[in-house]
Every structure is written in C-alpha cells, then in structure tokens.
Amino acid sequence: MLRITSRHNPRLRDTAQLLASARERRKAGRCVLEGEHLVAVYADRHGAPEVLVVSEPCLVRPGVEALCRRFGERTLVVPEALFASLAVLPAGVGMLAVVPTPHPPTSDGGDFCVLLEDVQDPGNAGSILRSAAAAGVTHVFMSPHCAFAWAPKVMRAGMGAHFHLEIHEDVDLPAWAARYRARGGQVVATVRDGGTGLYRAALARPLALAIGNEGVGLSPALVAASNTKVTIPMPGGMESLNAAAAAAVTLFECVRRFSGS
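What comes next concerns the included structure. (Residues numbered from 1 in each chain as written. Predicted model: local features only at pLDDT ≥ 70, side-chain atom pairs only at ≥ 80, totals over all residues. Heavy atoms only, no water.)

Before going further, it helps to spend a moment on the sheet that holds strand S4 (residues 75-78). Pairing within the open sheet is mixed, and its five strands lie in the order S1-S4-S3-S5-S2. Each edge of the sheet is formed by a strand with only one pairing partner; in this case those strands are strand S1 (2-3) and strand S2 (30-34). Here strand S3 (residues 51-55) runs beside strand S5 (residues 95-100); their pairing, made up of four bridges, is antiparallel. Looking at the pairing, Val 51 lines up with Val 98 of S5. Against the sheet, helix H4 (residues 62-70) makes contact with S3, S4 and S5, and its axis sits at roughly 145° relative to S3, the strand it touches most. (Pairing = 2+ DSSP bridges. Helix = DSSP H or I, 4+ residues; strand = E, 2+ residues; numbered from the N terminus. Contact = heavy atoms within 4.5 Å. Axes fitted to C-alpha atoms, helices over the stretch in contact; angles between N-to-C directions.)

Right under this line is the structure:
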C-alpha cells in the first residue's frame with residue numbers, strides 16, 4: 001500500500017478525472033467502482049483493478065483491509081479529506097477502484113437475454129441489470145440512447161450485477177431482434193396496452209425480453225421485430241409501472257415458467 005497526501009499524484013488525479021467526466025470514462029475505456037461491495041465482486045470475477053483508492057479511516061473495516069492487502073502495490077491510501085475532495089460520493093463509500101470497461105465479444109444472446117431500448121434513467125437501468133442477473137439472464141443488449149451502463153449511478157443501482165452479465169451497448173435492437181427470430185428465438189415485447197396478458201402468454205426459451213423507455217415504451221420498429229407482445233395485468237387501476245418494475249415482474253414470470261413451478 002502507498003500512502004498519498006497530495007491530490008497531484010498522477011494515479012489519484014486520473015481517478016478524479018474519471019469520476020468527474022462521463023466523456024473521459026468513455027474516451028479512456030475505463031470506469032470507477034464505488035464501495036467495497038462492487039470492488040469485491042469485480043475482484044472475485046475479474047482479478048485486480050488498475051488502481052484502488054481508499055480513505056484511511058476505512059482501513060478498520062475487515063473487508064476493506066483484506067482488499068488493500070490483496071492488491072498491495074495498486075492501493076493508494078489517502079486522508080479522509082482528500083478522498084472526499086475527489087467527487088460527490090454517497091456516504092460511507094470509502095473505497096474506489098479504476099477498472100477497464102468490459103467489452104464482451106459479439107454474441108447471439110443465448111437462450112435468455114434482455115433488450116433495453118432507450119432506458120435513460122440510470123437507476124432504472126441499473127435495477128433492470130440487477131433483476132436480469134438474479135433471473136439468470138446472461139446477456140443484455142442496450143440501444144444507443146440508453147444510459148451508459150458503466151456510469152457510477154447505474155453501477156450503484158446494479159449492485160454488482162454488471163459482473164454477472166455480458167453487456168452489449170450501442171446495439172441496433174430491431175435488426176438484432178430480427179436475427180434472433182430467424183435463429184428460432186422468441187422476442188417478447190413488453191407493451192402497456194394491447195398485448196397478451198403476461199400470465200397467459202406462451203413463454204419459452206430461447207427468449208429475448210424487450211423493455212422500453214420509461215415514458216414512451218418500445219419503438220414501433222422493435223415491436224414489429226418481435227413475435228410476441230405481452231402486457232402486465234394491473235387490476236388496481238394504475239396506468240403503468242416504471243421500466244424497472246415491469247422488467248422485474250416479467251423476468252420472474254419467465255423464471256417461474258422455465259422452472260416449471
């Protein structure tokens with residue numbers, strides 16, 4: 001471990017720039033993980049981060065101390081005030097890690113995947129990724145106007161789900177859906193009105209579940225590229241659910257069907 005007291009340390013300065021700028025993160029092909037949980041999940045699946053930055057008072061936490069010792073020379077320990085000056089972070093974070101942004105190879109999606117179209121709210125995007133990982137999804141395909149999957153707010157909401165999924169960004173979803181159907185897959189479009197009731201719909205693998213924008217839903221092009229439309233019954237009279245809630249309900253109905261429960 002290296003103890004740093006100056007904000008001008010090159011590795012610390014680079015970390016601060018990445019925290020401050022989405023443009024810098026995209027340009028550098030790197031992202032910043034916030035907190036012990038995310039760092040530990042990444043380390044268990046992918047190994048050492050490029051840089052680990054820790055607020056000195058947090059060294060008393062057993063998990064933080066273990067990660068610091070595990071990645072000794074990559075670890076920068078800084079005074080609490082210096083850590084706090086790096087960025088506006090949620091209370092109690094105490095640890096940051098810089099890692100390469102994963103770029104998985106092109107994939108056909110396997111037999112259970114999710115398509116996210118223009119889901120722009122970072123909290124919704126991260127929550128959907130979390131539900132997808134919990135449901136056993138392996139691949140998520142995101143349209144060009146979705147929130148950046150590796151933005152800090154998305155990763156906070158994902159709670160480590162990013163490292164259980166292969167996330168493909170900037171995907172032409174209608175074209176991808178057409179290819180998936182041609183290979184025998186079922187593309188299921190979630191729509192607010194006019195679809196088959198979710199609990200009556202035929203759902204079988206291979207399946208790609210399409211979730212749309214919080215305000216306008218799926219584009220006509222992606223709906224047209226799907227072979228099934230489903231609507232979640234809402235007997236309570238509400239007009240709609242947000243994207244993350246709709247995704248969770250539909251994903252776990254798929255899980256129930258696939259497991260035969």
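Additional details are given in the paragraphs that follow.
Here we take up the packing of helix H6 (residues 122-134) against helix H10 (residues 243-259). Across the interface, H6 lies against H10 with an axial gap of 8 Å and an inter-helix angle of 10°. Classified by the interaxial angle, the pair formed by H6 and H10 is roughly parallel. Of the residues in H10, those touching H6 at Asn 124, Ser 127, Ile 128, Ser 131, Ala 132 and Ala 134 are Ala 243, Ala 244, Ala 247, Ala 248, Leu 251 and Phe 252. By residue class, the composition of the contact of H6 with H10 is nine nonpolar, three polar and no charged. (Parallel < 35°, antiparallel > 145°, perpendicular 65-115°, else oblique. Nonpolar A, V, L, I, M, F, W, Y, C, P; charged D, E, K, R; others polar.)

Right, let's get into the packing of aromatic side chains. Evaluated as defined, the whole model comprises five aromatic pairs. Ring plane angle 80° and centroid distance 5.2 Å describe the contact between Tyr 42 and Phe 163, whose orientation is recorded as edge-to-face. Placement of Tyr 42 in helix H3 (residues 36-46) and of Phe 163 in the loop between helix H7 (152-158) and strand S8 (166-168) is noted, with a sequence separation of 121 residues between them. For Phe 163, a relative accessible area of 3% puts it in the buried group. Judged by centre distance (5.1 Å) and plane angle (85°), the ring pair of Phe 112 and Phe 258 falls under edge-to-face. Of the two residues, Phe 112 is situated in strand S6 (residues 112-116) and Phe 258 in helix H10; the sequence distance between them amounts to 146 residues. Through a chain of ring-to-ring contacts, the aromatic side chains of Tyr 42, Trp 150 and Phe 163 assemble into a single cluster. (Phe/Tyr/Trp six-rings, centres within 6.5 Å; stacked < 30°, edge-to-face > 60°. Buried < 20%, exposed > 50% of the residue type's maximum accessible area, 1.4 Å probe, protein only.)

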